[in-house]
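Okay, here's what each chain looks like letter by letter:
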Amino acid sequence: MINEQTVEKPKPLKRGMLDNVLEQFNHAADVINLNPNVRKILSITNTEIIINFPVRMDNGDVEIFTGYRVQHNNALGPYKGGLRYHPTVDIDAARALAMWMTWKTSLAGLPYGGAKGGIQIDPSKYSKNELERITRRFTYALGENIGPEHDIPAPDVNTNAQTMAWIADTYMSTKSTSERSKNQHVVTGKPTGSGGLEGRDRATGYGVFLTIKFWAEKNNISLAGKKYIVQGFGNVGYWASHFLEIEGAKLVGVQDAFGSVQNKEGISTEDLFNYSISNNGSILGFPEAEPFDSKEFFSIDCDICIPAALGNQITKHNAHTVKATLIAEGANGPTDVEGEKILMERGITIIPDILCNSGGVIGSYFEWLQNRNGELWQMDEILEKLEKKLRTSFEKVVNYTEENKTDMRTAAFSIAIERIEKAYILRGIFP
Ligand code: GLU
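Residues numbered from 1 in each chain as written. Predicted model: local features only at pLDDT ≥ 70, side-chain atom pairs only at ≥ 80, totals over all residues. Heavy atoms only, no water.

1. A look at the nonpolar core
Inference 1: Grouped together as the largest cluster of nonpolar side chains are 87 residues, with contacts concentrated most on Trp100, Trp103, Ile212, Ile306 and Ile417.
Inference 2: Among the elements that line this core, the one with the most residues is helix H13 (residues 408–427), at 10 residues.
Inference 3: The contacts of Ile306, once residues within four sequence positions are left out, are Val208, Ile212, Tyr228, Ile229, Val230, Gln231, Ala240, Leu244 and Ala328. (Core = buried A, V, L, I, M, F, W, Y, C linked by side-chain atoms within 4.5 Å. Buried < 20%, exposed > 50% of the residue type's maximum accessible area, 1.4 Å probe, protein only. Helix = DSSP H or I, 4+ residues; strand = E, 2+ residues; numbered from the N terminus. Contact = heavy atoms within 4.5 Å.)

Written out as structure tokens, the structure is:
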């Protein structure tokens, strides 16, 4: 018989996103001397849902899928956060991403907590009809674990307005006729025309661009002529690039799930986007750029680097090759703790994910308010409101870094955690 105590747990081969978010949290908690009881609460998630559910495929076979929803904390309001469809989705990824949402919504000053979830799936392997049945069945299985005043999903990696429309329709169909229309805000990121917000599609990428613009203004730097690279050419990467190009910055490298391309003379964002649409969503083969080794992507000569794909991309293995002087984290958790240490030693500035990509959830908040109040907002008023909210967060973070002689991530985490700490101290713990 094996004595449990003497058996060492196998060490995971790679640092996970959960290790990173916990380390980031504990570092900020130490800096602000967080109340120990609040630290205990925030170190762990409130609720974790794992659902295995069957779906009939187009060929008549039944396949079993695994879906997750992790609700980290709701001290400030209903749980909020996206659903991603990706093979890397598992319980630890959902935990980490849910925690980041809690800090993100708190920093943005929204009345929300944090959650995240998704399905462990490669959506490119399924037809649109299959994806619809998978989404609807997962929504049905989640049941009352989501809800417009309880937990509000949104798009994330490989999910979009169409996915949200299926979720809203399925959730609303489970309600009595008179209750149905009151439940439209169970998800945000819906198509415009079906309760969606004008401009929600660009909110995250526009926000990434704005935080870069605020940083440039603060440092008296002109973005015109600055070279930038983008990892991930989905919703976030494309829109961030679209707005940077308008400022006169030059896109010199792009990586997507299929490979990388570069052109020192500049790549047209619109031409590359149109090419990828006509090429099954892949940038490979774009005639106005050369293919580039994806493993070396971050070493492309540039001023600004926008990782806008998945987590753990800049690590101790490649941080020393980064050429940019500014990293704007469009993705959640793209820089791991070890990679970040190297970047900081090299004097590279990081606009942290919970600030940089918070335009998305701010847009979601506007959509939620719009639905809740039966209003329809106009694009120009939405983009103006988004800019105002993001500027407030950005200035708070920058002021904190100056007052406390710290980096932007520690500042952002500290502000976010202090707001939640205050809520707990004021309201106490039941019973
Ligand atoms: N998935 C986005 C994020 O990571 C948006 C979340 C939301 O709008 O709820 O911030």
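2. Re the packing of helix H6 (residues 200–218) against helix H12 (residues 379–404)
Inference 1: Between H6 and H12, the shortest axis-to-axis distance is 10 Å and the interhelical angle comes to 45°. Considering the angle they form, H6 stands oblique to H12. Every pair of crossing elements has a handedness; the one defined by H6 and H12 is right-handed. When H6 is examined against H12, the residues Arg202, Ala203, Tyr206, Gly207, Leu210, Thr211, Lys213, Phe214, Trp215, Glu217 and Lys218 are found in contact with a partner set consisting of Met379, Leu383, Leu386, Glu387, Leu390, Arg391, Phe394, Val398 and Glu402.
Inference 2: Residues belonging to the contact of H6 with H12 are distributed by class as follows: 11 nonpolar, two polar and seven charged. (Axes fitted to C-alpha atoms, helices over the stretch in contact; angles between N-to-C directions. Parallel < 35°, antiparallel > 145°, perpendicular 65-115°, else oblique. Left-handed = near helix turned anticlockwise from the far one by under 90°. Nonpolar A, V, L, I, M, F, W, Y, C, P; charged D, E, K, R; others polar.)

3. Digging into the UniProt feature "site: Important for catalysis" (unreviewed entry) in the protein chain
Inference 1: If you check UniProt for "site: Important for catalysis" (unreviewed entry), the listed places come out as Asp156 in our numbering.
Inference 2: Structurally, Asp156 is set in the loop between strand E5 (151–155) and helix H5 (161–173).
Inference 3: By relative accessible area, Asp156 is classed as buried at 17%.
Inference 4: In contact with Asp156, not counting residues within four places along its chain, are Gly82, Leu83, Arg84, Lys116 and Asn332. (UniProt positions renumbered as here; feature names shortened; annotations may be inferred.)

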